[in-house]
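# Reading the structure
Residue-level listing of the chains:
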Amino acid sequence: MHILILGGDGYLGWPTAMYFSNRGYDVTVVDNYMRRNTCTELDVGMLYPVPTLIERAKIWHELTGKEIKVVIGDLTQPEVMRSFFKGGVEYSWAIENSFTGIPDTMIHYAEQPSAPFSLINYKYANLTLGNNLLVTNNLMFALKDFARDTHVIHVGTMGEYGTPNIDIEEGWLEIEHKGRKDKFLFPRQASSLYHTTKIMDTDLMWFAVRMWDLRITDLMQGPVYGMETEDSKIDDRLMTLFNYDEIFGTIVNRFITQAVVGYPLTVYGKGGQTRGYLNINDTLQCVHMSEKTPPKKGELRIFNQIMETFSVNQLAEIACRVGKSLGYDVEVKSIVNPRREAEEHYYNPVYQGLIDIGVNPHYLTDDVMAGMFKVVERYKANIRKDVIFRGIKW
Ligand SMILES: NC(=O)c1ccc[n+]([C@@H]2O[C@H](COP(=O)([O-])OP(=O)(O)OC[C@H]3O[C@@H](n4cnc5c(N)ncnc54)[C@H](O)[C@@H]3O)[C@@H](O)[C@H]2O)c1
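Let me sum up the structure you'll find in this document. (Residues numbered from 1 in each chain as written. Predicted model: local features only at pLDDT ≥ 70, side-chain atom pairs only at ≥ 80, totals over all residues. Heavy atoms only, no water.)

A few words on the sheet that holds strand E11 (residues 274-279). Strands sit in the order E9-E11-E13 across an open sheet of 3 strands; the sheet is mixed. One side of each edge strand has no neighbouring strand; the edge strands of this open sheet are strand E9 (224-225) and strand E13 (308-311). As paired elements, E9 and E11 share 2 bridges and run parallel to each other. Residue Val224 lies in a different strand from E11, and its bridge partner there is Leu278. Helix H9 (residues 280-292) rests against E9 and E11 of the sheet, and its axis sits at about 80 degrees to E11. (Pairing = 2+ DSSP bridges. Helix = DSSP H or I, 4+ residues; strand = E, 2+ residues; numbered from the N terminus. Contact = heavy atoms within 4.5 Å. Axes fitted to C-alpha atoms, helices over the stretch in contact; angles between N-to-C directions.)

Pasting the structure below:
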């Protein structure tokens, strides 16, 4: 089975590449280093240096004998996307420099993934809109023209739904109106321009599925935490990139880093903002189980990819408790919320579909969090306090 990972250098992309490679799949990754380059441009520190994608593929090969083919290319360029289907791929690193044929499954992570980034100013808003929508549209047309059977697994976000005052279903909602019934995409109302692009992705994919009988899984993922996976444990150089700043760091990763370096945990406003979360290892499982059970042609299958929900206050409480048990003097500080969002709200999403296809959830226990503290501690000297909070306003 051949898997192509769009955005294979990213926080989720690289662990996914190792995961499938280790399970005997032929894996190709493509990335344009947008994430790394924007981190450099905005001067946000990463917890530890990460070798380039090509270096990581070489290390992986040296240690396991397995090949992850690497393409450095920009997927907003239609010809780069189309080369994966019709040939002419330019590999930046591969043992065998030959076209592997049309992928059986494509995992689409290649997007600008930060809400604050998309609201820094009009320039970053345009970059987010242009990048995310062009990559998805290029993918849809490549599938239409060359590969209508290839299964695409796209990672969307729970942020598409916002925080409605009703239960959040898995992607779809049956509505009865004036005595008639129909099924529609669940109403969506994002609270950032990044999240708005993910809504638009879903619309683009739903259009393509209706018109061209494609098969697509759209995973509405919550914020992910963690950095170690089974495969990265063989060598620290294989650990995925880890941001702890306000722009690219996800909340659990940020709170742990703040606790380790003695920076008060930044709770925005009242802290009642509730979201669904998952461990990075569960992202891998969810993608794998989706790959093993593809939807039928002409189906846009949507799962809510979270394992449990927490409010910001609850996460701060856990980080505080675990940090103190490890000897850290952790303080929690409520600050004026730079975002426009409900600070207290109803939140009751359904998240059963992935469990039904075989995912076995890991939860954010004190032990799991303590394990993350131990990794962050090793790199404490690298943590820059000045990048933790800048207050990007909505
Ligand atoms: N990390 C999370 O907590 C989380 C939560 C919900 C959804 N998601 C979604 O999952 C996906 C992956 O997220 P991530 O955290 O790994 O982000 P990431 O930024 O680390 O990974 C995305 C990768 O795609 C690459 N990329 C972006 N545009 C590209 C282009 N035009 N051509 C080639 N490569 C391109 C980037 O360089 C980056 O390496 C994103 O779509 C994101 O929206 C992530």
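Looking now at the packing of aromatic side chains. Following the criterion strictly, the structure yields 13 aromatic pairs and no others. On the basis of an interplanar angle of 65 degrees and a centroid distance of 5.2 Å, the ring pair of Phe141 and Trp212 is categorised as edge-to-face. Placement of the pair is Phe141 in helix H6 (residues 122-146) and Trp212 in helix H7 (residues 193-212), with a sequence separation of 71 residues. The exposure class of Phe141 is partly exposed, given its relative accessible area of 34%. (Phe/Tyr/Trp six-rings, centres within 6.5 Å; stacked < 30°, edge-to-face > 60°. Buried < 20%, exposed > 50% of the residue type's maximum accessible area, 1.4 Å probe, protein only.)

To continue, consider the pattern of salt bridges. Under the criterion given, the structure shown has 21 salt bridges. Across the pair Arg237 and Asp235 runs a salt bridge whose closest N-O atoms are separated by 2.8 Å. Three or more residues are tied together by salt bridges with common partners; here these are Asp9, Arg36 and Arg56. (Salt bridge = Lys/Arg side-chain N within 4 Å of Asp/Glu carboxyl O.)

Attention shifts here to the pairing of strand E12 (residues 299-305). The buried fraction of E12 is high, at 6 of 7 residues. Pairing of strand E8 (residues 215-221) with E12 involves 7 bridges; the strand directions are parallel. Its bridge partner lying in E12, Met220 is registered against Asn304.

Taken together, 29 residues lie near the ligand, and Tyr11, Asp31, Arg35, Tyr194 and Lys198 sit nearest. For the ligand, an oxygen atom lies 2.5 Å from a polar atom in the side chain of Tyr194. At the level of secondary structure, the elements contributing two or more residues to the shell around the ligand comprise helix H2 (34-41), H6, strand E5 (151-157) and H7. Its residues assigned to classes, the shell around the ligand shows 13 nonpolar, 10 polar and 6 charged. (Near = heavy atom within 4 Å. Polar contact = N/O pair within 3.5 Å; in protein donor to acceptor, adjacent residues only side chain to side chain. Nonpolar A, V, L, I, M, F, W, Y, C, P; charged D, E, K, R; others polar.)

Attention now goes to the environment of Val70. In this fold, Val70 is placed in strand E3 (residues 68-72). Placed 168 residues apart in sequence, Val70 and Leu238 show a C-alpha to C-alpha distance of 15 Å. If sequence neighbours within four positions are ignored, Val70 has contacts with Val29, Leu53, Ile54, Ala57, Tyr91, Ser92 and Trp93.

Turning to the pairing of E8, a few remarks are in order. Within E8, 7 of the 7 residues are buried, which leaves it mostly tucked inside the rest of the structure. Along E8, one buried face is formed by Arg215, Thr217, Leu219 and Gln221 and the opposite face, lined by Ile216, Asp218 and Met220, is buried too. Where E5 and E8 come together, 7 bridges link them in parallel fashion. For Val152, the partnering residue across the bridge sits in E8 and is Ile216.

On to the sheet that holds strand E4 (residues 105-108), then. Across the sheet, 7 strands lie side by side as E3-E2-E1-E4-E5-E8-E12; this open sheet has parallel pairing. This sheet does not close on itself; its edge strands, each paired only once, are E3 and E12. When strand polarity is set aside, the average angle formed by the axes of neighbouring strands in this sheet is 20 degrees. Bridge count for strand E1 (residues 2-6) against strand E2 (residues 26-31) is 5 bridges, and the pairing is parallel. For Ile3, the partnering residue across the bridge sits in E2 and is Val27. Against the sheet, H9 touches E1, E4, E5, E8 and E12, its axis set at about 145 degrees to E5.

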